[in-house]
Amino acid sequence: MESGTRITGVTSDISMGGIFVCTSKPMALNSRTRVTLTRKDQRVEALGIVRIVKPRIGMGVEFIDVEAPYDAVLARWVELLRKSR
């Protein structure tokens, strides 16, 4: 957030607590970030902290704040994934 750096990637794992983002240029460990996830015509925005960094592979981001109405959208996505497995 402080640097204004934008990183794009693909989410390979998602839960109510966070995500793993596959990206060749992950952020530094413990960086605070604003996350925007999109799926079809829906969006989730959250604040997070980078907790895991795998160079040239991606990063794990823990959600520290998901505000309404985004928390309900995230819950639906997680439930849909759970049912599809």
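Only a predicted model underlies this, so the values are computations on that prediction, with no experimental measurement involved.

J.: Before we go on, may I ask you to explain the overall build of the protein in this structure?
T.: Within the protein, the regular secondary structure consists of 1 helix and 5 strands. Secondary structure elements of the protein, listed N to C terminal, follow the sequence β-β-β-β-β-α. Here the C-alpha atoms of the protein give a radius of gyration of 12 Å, agreeing with the 12 Å that 2.2 N^0.38 yields for 85 residues. Summarising its shape, the C-alpha atoms of the protein cover approximately 35 × 25 × 20 Å along the three principal directions.

J.: Would you take a moment to explain unusual backbone geometry for this structure?
T.: Looking along the chain, the bond that leaves A68 and enters P69 is cis, with omega of 5 degrees. Inspection of the secondary structure assignment puts P69 in the loop between β5 (58-65) and α1 (70-84). Of note in the backbone geometry, K40 takes a positive phi value of approximately 55 degrees without being a glycine. Following the sequence through the fold, K40 ends up in the loop between β3 (32-39) and β4 (42-54). In this structure, R56 is a non-glycine residue whose phi angle is positive, near 60 degrees. We classify R56 as exposed; its relative accessible area is 70%.

J.: Honestly, the pattern of salt bridges in this entry has me stumped. Any pointers?
T.: Between side chains of opposite charge, pairing is possible as soon as their charged atoms come close. Overall, the coordinates contain 3 salt bridges when judged by the stated rule. Among the salt bridges present, the one from E45 reaches R43, with a minimum N-O distance of 3.0 Å. R51 is paired through a salt bridge with E62; the nearest N and O atoms lie 2.6 Å apart. One end of the pair, R51, is in strand β4; the other, E62, is in strand β5, and 11 residues separate them in sequence.

J.: Sorry, what's going on with the pairing of β4 here?
T.: If a strand is regular, its side chains alternate between the two faces of the sheet. Strand direction decides the pairing type here: β3 and β4, joined by 8 bridges, are antiparallel. Paired with R39 across the bridge in β4 is Q42. Linkage of β3 to β4, two consecutive antiparallel strands, is achieved through a turn of 2 residues, within which K40 is found at a positive phi near 55 degrees. Strand direction decides the pairing type here: β4 and β5, joined by 7 bridges, are antiparallel. By the bridge assignment for β5, V50 is matched with V61. Adjacent in sequence and paired antiparallel, β4 and β5 are bridged by 3 residues, among which R56 carries a positive phi angle near 60 degrees.

J.: What should I look at first to understand the nonpolar core in this one?
T.: One recurring pattern in soluble globular proteins is that nonpolar side chains are buried together. Within the largest apolar cluster, 17 residues are counted, with the highest numbers of intra-cluster contacts made by I19, L37, V44 and F63. Elements that contribute at least two residues to this core include exactly β2 (18-22), β3, β4, β5 and α1. By residue number, the principal contributor to this core is α1, which donates 5 residues.

Here is what the cut-offs are and how they apply
Residues numbered from 1 in each chain as written. Predicted model: local features only at pLDDT ≥ 70, side-chain atom pairs only at ≥ 80, totals over all residues. Heavy atoms only, no water. Helix = DSSP H or I, 4+ residues; strand = E, 2+ residues; numbered from the N terminus. Rg over C-alpha atoms; globule rule 2.2 N^0.38 Å. Buried < 20%, exposed > 50% of the residue type's maximum accessible area, 1.4 Å probe, protein only. Salt bridge = Lys/Arg side-chain N within 4 Å of Asp/Glu carboxyl O. Pairing = 2+ DSSP bridges. Core = buried A, V, L, I, M, F, W, Y, C linked by side-chain atoms within 4.5 Å.

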